[in-house]
Amino acid sequence: MKLTELFNKGTPTLSFEVFPPKTSSNFSSVHHAVDEIAALHPAYMSVTYGAGGSTSKYTVSIASNILHQFGVTPLAHLTCVCATRDSVSRQLAEMQQQGIENVLALRGDIPENAGDPAGWDYTHASDLIADIKRQSDFCVGGACYPEGHVESDNFSDDLRYLKQKIDAGCDFLTTQMFFDNNILYNFLYKIREAGIVVPVVAGIMPVTNAKQIKRICQLSGTYLPQRFKQIVDRYGSNPAAMQQAGIAYATEQVIDLFANGVNAVHIYSMNKPEVAAKIQQNLSEIL
Ligand code: FAD
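Helix α10 (residues 239-259) packs onto helix α9 (residues 226-235) with a crossing angle of 165° between their chain directions and a minimal axis gap of 9 Å. Here α10 runs roughly antiparallel to α9, going by the angle between their axes. You can see that α9 and α10 cross each other, and the crossing is right-handed. Of the residues in α10, those touching α9 at Arg-227, Phe-228, Ile-231, Val-232 and Tyr-235 are Ala-241, Met-242, Ala-245, Tyr-249 and Glu-252.

The buried fraction of strand β4 (residues 102-106) is high, at five of five residues. Neither face of β4 is left uncovered, since the one carrying Asn-102, Leu-104 and Leu-106 and the one carrying Val-103 and Ala-105 both have all their residues buried. The pairing of strand β3 (residues 74-79) with β4 spans four bridges and is parallel. What sits directly across from Leu-78, in β4, is Ala-105. Handedness of the β3-helix α4 (residues 85-97)-β4 crossover: right-handed. The sheet contact formed by β4 and strand β5 (residues 139-144) spans three bridges and is parallel. When the sheet's bridge partners are listed, Leu-104 is paired in β5 with Gly-141.

To continue, consider the pattern of salt bridges. Should the charged atoms of two oppositely charged side chains come close, the side chains can pair. Applying the stated criterion across every chain, the model contains eight salt bridges. The salt bridge involving Lys-133 is made with Asp-171; its shortest N-O contact spans 2.7 Å. Of this pair, Lys-133 sits in helix α5 (residues 125-135) while Asp-171 is found in the loop between α6 (155-167) and β6 (172-175), placing the two residues 38 residues apart along the sequence. Residue Lys-133 is classed as partly exposed on the basis of its relative accessible area, which comes to 28%. Residue class for Asp-171 comes out partly exposed when judged on its relative accessible area of 22%. The residue Asp-157 makes a salt bridge to Arg-160 at a minimum N-O spacing of 2.9 Å. Of this pair, Asp-157 and Arg-160 both sit in helix α6, three residues apart, which is roughly one turn of that helix. Overlapping salt bridges, with partners in common, bring together Arg-85, Asp-131 and Arg-134 in one network.

Basis of the calculations
Residues numbered from 1 in each chain as written. Predicted model: local features only at pLDDT ≥ 70, side-chain atom pairs only at ≥ 80, totals over all residues. Heavy atoms only, no water. Axes fitted to C-alpha atoms, helices over the stretch in contact; angles between N-to-C directions. Helix = DSSP H or I, 4+ residues; strand = E, 2+ residues; numbered from the N terminus. Parallel < 35°, antiparallel > 145°, perpendicular 65-115°, else oblique. Left-handed = near helix turned anticlockwise from the far one by under 90°. Contact = heavy atoms within 4.5 Å. Buried < 20%, exposed > 50% of the residue type's maximum accessible area, 1.4 Å probe, protein only. Pairing = 2+ DSSP bridges. Right-handed = clockwise from strand over helix to strand, strands pointing away. Salt bridge = Lys/Arg side-chain N within 4 Å of Asp/Glu carboxyl O.

Shown next as structure tokens:
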């Protein structure tokens, strides 16, 4: 199923993200976690793509397994930094062969040894989106950043480039995580004003350990509300309590989003079936 069909129904949907193993040695533990999450039958599942395509073969095989073994619609991520037009075409052909219909098209983070951009086949995600749309019928998503992308000098440039993604054929957007829903509501208002009307999936990260939150904030510059900081301060040294509090915080965010008409919510479930299951269970009468 194409995800735009799902979003057009206008009913609340909950989906989960998983990531492929970094090496073949942890393939079976990742596979096991992915299977447990797929067995929850979420609206769809996204499978990330290793930086610079390092784990590309696993992304397609995991997405294919989700579809064929569990009947859950997969969304396969694809990054274009360091990729060639040929490698992208091969990857798309493989996805098509496996019956995958949805791709999240990203630039990816630029590795230190990436070389001179003048020699790259793609510079921005919008180049990849246009290329995918030119050669295939995939439903294509893109990333967006309610607090601005870390490399951006200002929000208005970011917004202009986001519009380029839409003009290149992007069918829907998924947001970077945020911990204050007002940031998303404000962002939605601004992008709608700028003429971006595609469905926007809200990305929610359940923070289940204190170390994780420090890393996230360093990488993405995400704002932490005082209420959230207090939870981390109080429970960060007690893993079980932190997990319970992180799940409760994420659940509250999701309920507020649904109540405010944001129907598509994607959980960055980080290969943690117990976290995905608990959030789904917390929303059992709402979904
Ligand atoms: P772009 O849209 O190309 O934007 C990158 C930067 O370039 C932004 O600052 C933007 O403002 C700027 N820009 C865009 N167009 C132009 C232009 N024409 N001229 C000048 N500047 C421009 N990474 C992975 O490696 N694998 C994944 O699976 C993955 N999944 C993700 C899923 C989501 C939902 C999100 C939000 C991020 C994900 N990422 C993933 C991280 C992402 O790859 C990085 O944030 C990366 O730095 C930017 O990717 P992008 O697709 O947003 O790039």
